[in-house]
Amino acid sequence: MTETEKNLIQQAEEVARDQRQLVDADPYRQAFHIMPPVGLLNDPNGWIHWQGRYHMFYQWNPFAVTHGAKFWGHVSSTDLVHWMEEPIALAPSEWYEKNGCYSGSAIDRDGELTLMYTGNVKDDEGNRFSYQCTAVSRDGVHFKKQGPVIDSLPKGYTAHFRDPKVWEEDGVCYMVIGAQTLKEEGRVLLYRSENFRDWSLVGPLIGSQQEPLGDFGYMWECPDVFRLDGQDILIASPQGLASDGTNYLNRFQAGYFPGTLNLSEGIFTPGAFTELDKGFEFYAPQTTESADGRRIMVGWMGVPEQAEDRHPTLEHSWIHCLTLPRELTWVNGKLFQRPVQELEKLRTGNPIRHTGVTRSIAPFELEGIEGRTLEVQLSGVDLQAHDYLDINLHNETVLKLSMMEACDITLERTVIGGDAREQRYGSVDQVAEIRIFLDRSSVEIFINDGELVFSSRHFADPKNQAVTFAGDWLSEPVIEAWKLKDTR
Ligand code: FRU
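Residues numbered from 1 in each chain as written. Predicted model: local features only at pLDDT ≥ 70, side-chain atom pairs only at ≥ 80, totals over all residues. Heavy atoms only, no water.

The name given to the chain in an unreviewed UniProt entry is Sucrose-6-phosphate hydrolase, with Salisediminibacterium beveridgei as the source organism.

Structure (structure tokens):
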């Protein structure tokens, strides 16, 4: 470890220690989500199950609640529910990463936990340079940097060249990486390597203005590609999509293409792009495979430059968190995201259960269904034409279902740091089941076992603990709830 690295890590640890009381005093501090100890968190990185533990790293600026020269923070877990804080994994200490150890991924290489990430550098004139770097660890905790393995830009591309996601297949290493052409069109590039040191470009897999896509953004961040239940899926976070009806309403989006991946020629033939999450905060997700072969995705519950100067947590010296881990499945041509089963471990006490809940246009509460850290599950919903159902969470975030030919769903909340109300939208043919996870400052809503998902930060007055229901429906759903525990 170099002196600069040692110093940076020490300074970051000091800030975390000094600010701890202030951070912990925040009523919006989450109970069971991954958060930074202080400062700003963004993308999940290096997500892997390795030697019996899940390792999650994250983009982290310990020194301010703004973006800056990013570190890699690190937590680990055996069960995806209880997370242990690990020592800082990467600090931006070397010339090839001095303005940030940007996003990347992890892989096992001969028993070593191997990270590949982007070294971000800016010179005094503001020119950007990007280096793809590796770091290795024998114990999964202490990392030794190996410097850049790709130190030049592919021809025809700008220095917006980052976020390598690596995997191994039939003895060959592959990497997808976000890129931008000189014409400012977003791309995902595919590289391959026999030895993880010498990498060659196979081709641009997919991108803006490439058949069959039209204008599809000026930069694609954080790509990920995998095969799921026989279907190739490519995930990316394209920047620069114009909003279109009820789609692409956040500043930036994250979504997926089902398609066909041709690894030898470097071509991905895509189906239609679908946003992964229809809530207010979701970006830069990353997936990995669990010990038992499930594909598990975690996203950043934030969006770059979206209300980042107005979050109420800023005065407590921290901002942002990750989403809950979600298991991905491919069912009837659609990607489903269901909260991993392990999350049932969060439930405490007896379930509260109300059967045969009958309609009421006047909002009503159900005994025992209240609290700030809560899971609420509705089953047997079955709305008929003209039925509606509103669920009001803490007098702040409202989920509204309205059945016409299909079920239109609106999520409404107060603008962060403002008074106006704002909405996001989604739609499914029919709603059978709804699962809601409320933490102290977030809500994640899974419709029909994850056919449609809304993730949002939720800054309700901490005194408001009530959940109310209202609407007009004939079916008699079962509504259950569990108080969830604080895992910190
Ligand atoms: C996405 C992103 C990545 C980059 C990282 C920097 O949110 O912009 O493209 O590597 O954040 O923190």
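Picking up after the structure, the text goes on.
Our next topic: the overall build of the chain. Within the chain, the regular secondary structure consists of one helix and 34 strands. Taken against the 2.2 N^0.38 rule, which gives 23 Å for 488 residues, the C-alpha radius of gyration of the chain at 22 Å falls within 12% of a compact globule. Expressed along its principal axes, the backbone C-alpha trace of the chain runs to roughly 65 × 55 × 45 Å. Within the chain, the fraction of its 488 residues that count as buried is 61%. Intrachain contacts of the chain at a sequence separation of at least 6 include 58% that bridge at least 24 residues. As presented, the chain carries roughly 19,000 Å² of accessible surface, and 45% of it is formed by carbon and sulfur atoms. Each charge sign in the chain was given a centre, from 45 positive and 73 negative side chains, and these centres are 3 Å apart. (Helix = DSSP H or I, 4+ residues; strand = E, 2+ residues; numbered from the N terminus. Rg over C-alpha atoms; globule rule 2.2 N^0.38 Å. Buried < 20%, exposed > 50% of the residue type's maximum accessible area, 1.4 Å probe, protein only. Contact = heavy atoms within 4.5 Å. Areas by Shrake-Rupley, 256 points an atom, 1.4 Å probe, with all protein chains shown as cover. Lys, Arg positive; Asp, Glu negative; His and termini not counted. Charge placed at Lys NZ, Arg CZ, Asp CG, Glu CD.)

Moving on, we come to the UniProt feature "domain: Glycosyl hydrolase family 32 N-terminal" (unreviewed entry) in the chain. If you check UniProt for "domain: Glycosyl hydrolase family 32 N-terminal" (unreviewed entry), the listed places come out as residues 33-339 in our numbering. End C-alpha atoms of residues 33-339 are separated by 13 Å, and the span's content is 0% helix alongside 52% strand. (UniProt positions renumbered as here; feature names shortened; annotations may be inferred.)

Turning to the environment of Met1, a few remarks are in order. Its location among the elements puts Met1 in the segment before helix 1 (3-24). On the basis of relative accessible area, Met1 is assigned to the exposed category, the value being 66%. In this structure, the C-alpha to C-alpha distance between Met1 and His142, residues 141 residues apart in sequence, is 9.9 Å. When sequence neighbours within four positions are dropped, the list of residues in contact with Met1 reads Lys6 and Ile9.

Turning our attention to the sheet that holds strand 22 (residues 334-339). Within the open sheet, the four strands sit side by side as 18-19-21-22. Their pairing is antiparallel. Because the sheet does not close on itself, it has two edges, and the strands there are strand 18 (283-289) and strand 22. When strand polarity is set aside, the average angle formed by the axes of neighbouring strands in this sheet is 35°. Of the strand pairs in this sheet, strand 21 (residues 326-331) and strand 22 are connected by six bridges, and their pairing is antiparallel. (Pairing = 2+ DSSP bridges. Axes fitted to C-alpha atoms, helices over the stretch in contact; angles between N-to-C directions.)

Of note, the amide linkage connecting Glu211 to Pro212 takes the cis form, showing an omega dihedral of 0°. For Pro212, the location among the structural elements is in the loop between strand 12 (200-207) and strand 13 (219-228). Phi is positive for Gln51, which is not a glycine, with a value near 45°. Mapped onto the fold, Gln51 is located in the loop between strand 1 (39-50) and strand 2 (53-61). Phi at His394 is positive, roughly 55°, even though this residue is not glycine. Take His394: it is sitting in the loop between strand 26 (388-393) and strand 27 (397-403).

The positions that UniProt labels "domain: Glycosyl hydrolase family 32 C-terminal" (unreviewed entry) are, in the present scheme, residues 431-468. Helix makes up 0% of residues 431-468 and strand 55%, and the two end C-alpha atoms of the span are 19 Å apart.

So, about the side chain of Arg424. Among the secondary structure elements, Arg424 is positioned in strand 29 (residues 421-428). At 4.4 Å, Glu422 is the nearest oppositely charged side chain to Arg424, a buried residue that forms no salt bridge. Looking at Arg424, its side chain comes within polar contact range of the main-chain oxygen of Leu249, at 3.4 Å. Separated by 2.8 Å, the side chains of Arg424 and Asn250 make a polar contact. Discounting chain neighbours no more than four positions away, the residues touching Arg424 are Leu249, Asn250, Lys278, Gly279, Phe280, Ile409, Thr410, Leu411 and Phe454. (Salt bridge = Lys/Arg side-chain N within 4 Å of Asp/Glu carboxyl O. Polar contact = N/O pair within 3.5 Å; in protein donor to acceptor, adjacent residues only side chain to side chain.)

Time to look at the site of the ligand. If you check the shell around the ligand, you find Asn42, Asp43, Gln59, Lys70, Tyr102, Ser103, Arg162, Asp163, Glu221, Tyr283 and Trp300 and nothing else. Contact distances for the ligand include 3.0 Å between an oxygen atom and a side-chain N or O atom of Asn42. Glu221 is positioned such that a nitrogen or oxygen atom in its side chain is 2.8 Å from an oxygen atom of the ligand. For the ligand, the protein covers 92% of the area, taking 320 Å² as the surface of the free molecule. Class assignment of the residues belonging to the shell around the ligand gives a composition of three nonpolar, three polar and five charged. (Near = heavy atom within 4 Å. Nonpolar A, V, L, I, M, F, W, Y, C, P; charged D, E, K, R; others polar.)

What follows concerns the side chain of Asp439. As for its placement among the helices and strands, Asp439 is situated in strand 30 (residues 433-439). In terms of polar contacts, Asp439 uses its side chain to reach the backbone amide nitrogen of Ala31, at 2.8 Å. From its side chain, Asp439 meets the backbone nitrogen of Phe32 in a polar contact 2.9 Å long. For Asp439, the contacting residues outside a window of four places in its chain are Gln30, Ala31, Phe32, His33, Arg372 and Thr373.

Let us look at the sheet that holds strand 10 (residues 172-180). Read from one edge to the other, the open sheet built from four strands follows the order 9-10-11-12, with strand pairing classed as antiparallel. This sheet does not close on itself; its edge strands, each paired only once, are strand 9 (162-169) and strand 12. On average, adjacent strands in this sheet sit at an angle of 25° to one another, irrespective of strand direction. The sheet contact formed by strand 9 and strand 10 spans six bridges and is antiparallel. Bridged to Arg162 within strand 10 is Gly178.

All chains considered together, the criterion is met by zero disulfides. In this structure Cys321 is not part of a disulfide, and its nearest cysteine sulfur, from Cys222, lies 17 Å away. (Disulfide = S-S within 2.5 Å.)

With that out of the way, let us pick up the domain arrangement of the chain. A common way to state how big an interface is: give the accessible area lost once the parts meet. The domain boundaries assigned to the chain delineate domain 1 (3-339) and domain 2 (341-484). One C-alpha centre belongs to domain 1, the other to domain 2, and the line joining them spans 30 Å. The interface is formed by 40 residues belonging to domain 1 together with 41 residues belonging to domain 2. In total, domain 1 and domain 2 occlude about 3,700 Å² of area from one another, counting both sides; carbon and sulfur atoms represent 58% of this. Along the contact surface separating domain 1 from domain 2 lie six salt bridges. (Domains from an automatic or database assignment. Buried area = accessible area lost by both parts, 1.4 Å probe.)

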